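# Summary of the model geometry
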Amino acid sequence: QRRVHGILFCKWKIYLMSLNVILHPLVFLNVSDHFTRTKVQYGKGKRAVGCLFGKQMGRNLEIFNSFEIGCKQEDKKIEIQEHFIKKQSDMLKQLFPEYEVIGWYSTSMKDDPEEEDVKIHRIIQKYNENPLYMIMNVNPPPGREIPISIFEGNVQITTKDSFFSFQKISYQIASLPAERVAVEGVHKSHDSEAGLSKYTLAMVQPLNSIKMLKVQLIKSVSYTHLRAHETLRYLVCRLLLEKKKKTT
């Protein structure tokens, strides 16, 4: 273990049994989609960051949903835009009044929290005194089925100072009937042989048709442009040639 700026970092191999955490598949889909869009928009190296939404009754926590957090990233530094958290949380509470912010998530190339995560964790503590932290490893080792790790913040108090650390906790996966249908649909929509989803393959023919239409439109525009600039002499000559071709 090592200490940086008064923060204690360890190997995150402590498993607490005091918390009963249940994770729903919708969170998997949301975070995966968030990471994909972040990667396409900003390129590799950028992390997807958001909040976990669900129910909390004592030491029993159930994570039903998640929402994205607006942030600015430069190198490994992440600046959270806190007004996004309050805005999105208030909107979701109108639909699900019994839900609350119970933690946050981020994508990473490893299973362990990073030093920058402590700052974000302290911001989320404004909305939950003891939030959870979920990491989705986007570069999991071979054979890893679920690249999800969940942590709980832990403050160690000594006679002279206090230190913060992340401790890994266990969790269970549960799903509602509607979630099972959605996950099954995502699974079946993928063509393992082609490496593409069936929806993508279904769009190939319409896309080719649009490309052919574009080519024909360019030809039509070129023909119209040519005729618009045709002189009277050229027009007479062209008509005579066309008449001659028809007669022969």
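Residues numbered from 1 in each chain as written. Predicted model: local features only at pLDDT ≥ 70, side-chain atom pairs only at ≥ 80, totals over all residues. Heavy atoms only, no water.

## Quick notes on the overall build of the protein chain
What counts, and what does not: Starting at the N terminus, helices and strands are each numbered in turn, a helix being any DSSP run of H or I of at least four residues and a strand any DSSP run of E of at least two. Type-normalised accessible area, obtained with a 1.4 Å probe on protein chains alone, sets the label of each residue: buried when under 20%, exposed when over 50%, and partly exposed for intermediate values. Contact criterion: two residues are considered in contact whenever any of their non-hydrogen atoms come within 4.5 Å of each other. Surface exposure here means Shrake-Rupley accessible area, sampled with a 1.4 Å probe, where a residue is shielded only by the protein chains that are shown.
A count of helical and extended segments in the protein chain gives seven helices and 14 strands. Buried positions account for 33% of the 248 residues belonging to the protein chain. Counting contacts in the protein chain only where the partners sit at least 6 residues apart, residues at least 24 apart contribute 64% of the total. If you sum the accessible surface of the protein chain, you get close to 16,800 Å²; carbon and sulfur atoms cover 58% of it.

## Quick look at the nonpolar core
To keep it simple, the criterion reads: Residue types Ala, Val, Leu, Ile, Met, Phe, Trp, Tyr and Cys, when buried and joined through side-chain atoms within 4.5 Å, form a set referred to as a nonpolar core.
Formed by 22 residues in total, the largest nonpolar core has its most connected members in Cys51, Ile69, Ile80 and Ile124. Sort the elements by how many residues they give to this core and helix α3 (residues 115–124) lands first, with four residues. Leaving out residues up to four positions away in the same chain, Ile69 has contacts with Val49, Gly50, Cys51, Ile80, Gln81, Ile85 and Ile124. Ranked by size, the runner-up nonpolar core spans 17 residues in total, among them Val27, Leu132, Met136 and Ile148.

## A few points about helix α1 (residues 25–42)
Think of an α-helix as 3.6 residues a turn; residues three or four steps apart then line up on the same face. The condition that has to hold: In this analysis, the expected span of each helix is defined as 1.5 Å times one less than the number of residues it contains.
The end-to-end C-alpha distance of α1, which contains 18 residues, comes to 26 Å, matching closely the 26 Å that a straight helix rising 1.5 Å per residue would cover. Along α1, the residues classified as buried are Pro25, Val27, Phe28, Val31, His34, Phe35 and Thr38. Two residues or fewer past α1, Gly43 is found with a positive phi of approximately 90 degrees.

## Quick look at the confidence of the model for the protein chain
When pLDDT is low, close inspection of the predicted coordinates is not appropriate. Here is the rule: One confidence number per residue, pLDDT, is output by the predictor and ranges from 0 to 100.
On average, residues of the protein chain score 76 in pLDDT, and 70% of them reach the 70 mark or higher. Note on residues 1–17: pLDDT under 50 across the span, and 41 contacts to partners over four residues away in sequence or across chains.

## Comments concerning α3
Of all ten residues in α3, seven are buried; the element is thus mostly enclosed. Of all the positions in α3, only Glu116, Asp117, Val118, Ile120, His121, Ile123 and Ile124 are classed as buried.

## Observations concerning the side chain of Thr38
Structurally, Thr38 can be placed in helix α1. Those residues in contact with Thr38, other than ones at most four positions away along the chain, are Gly43, Lys46, Arg47 and Ala48.

## Some thoughts on the packing of aromatic side chains
Where we set the bar: Between the rings of Phe, Tyr and Trp (Trp by its six-membered ring), a pair exists once the centres lie within 6.5 Å; its type follows the angle of the planes, with under 30 degrees stacked, over 60 edge-to-face, and the other angles tilted.
Counting across every chain of the model gives eight aromatic pairs. When the ring of Phe96 is compared with that of Tyr99, the centres are 5.0 Å apart and the planes differ by 15 degrees; the resulting orientation is stacked. Tyr99 gets classed as buried once you look at its relative accessible area, which sits at 11%. Aromatic ring contacts, followed pair by pair, group Phe53, Phe64, Phe67, Phe96 and Tyr99 into a single cluster.

## Considering the pattern of salt bridges
To be explicit about the condition: Should a side-chain nitrogen of Lys or Arg be within 4 Å of a carboxyl oxygen of Asp or Glu, the pair is scored as a salt bridge.
Under the counting rule described, the total for this entry stands at eight salt bridges. A salt bridge links Asp33 to Arg37; its shortest N-O distance comes to 2.9 Å. On the criterion of helical spacing, the pair formed by Asp33 and Arg37 is a turn pair, its members being four residues apart in helix α1. Owing to a relative accessible area of 41%, Asp33 belongs among the partly exposed residues under this scheme. With relative accessibility at 37%, the residue Arg37 sits in the partly exposed group.

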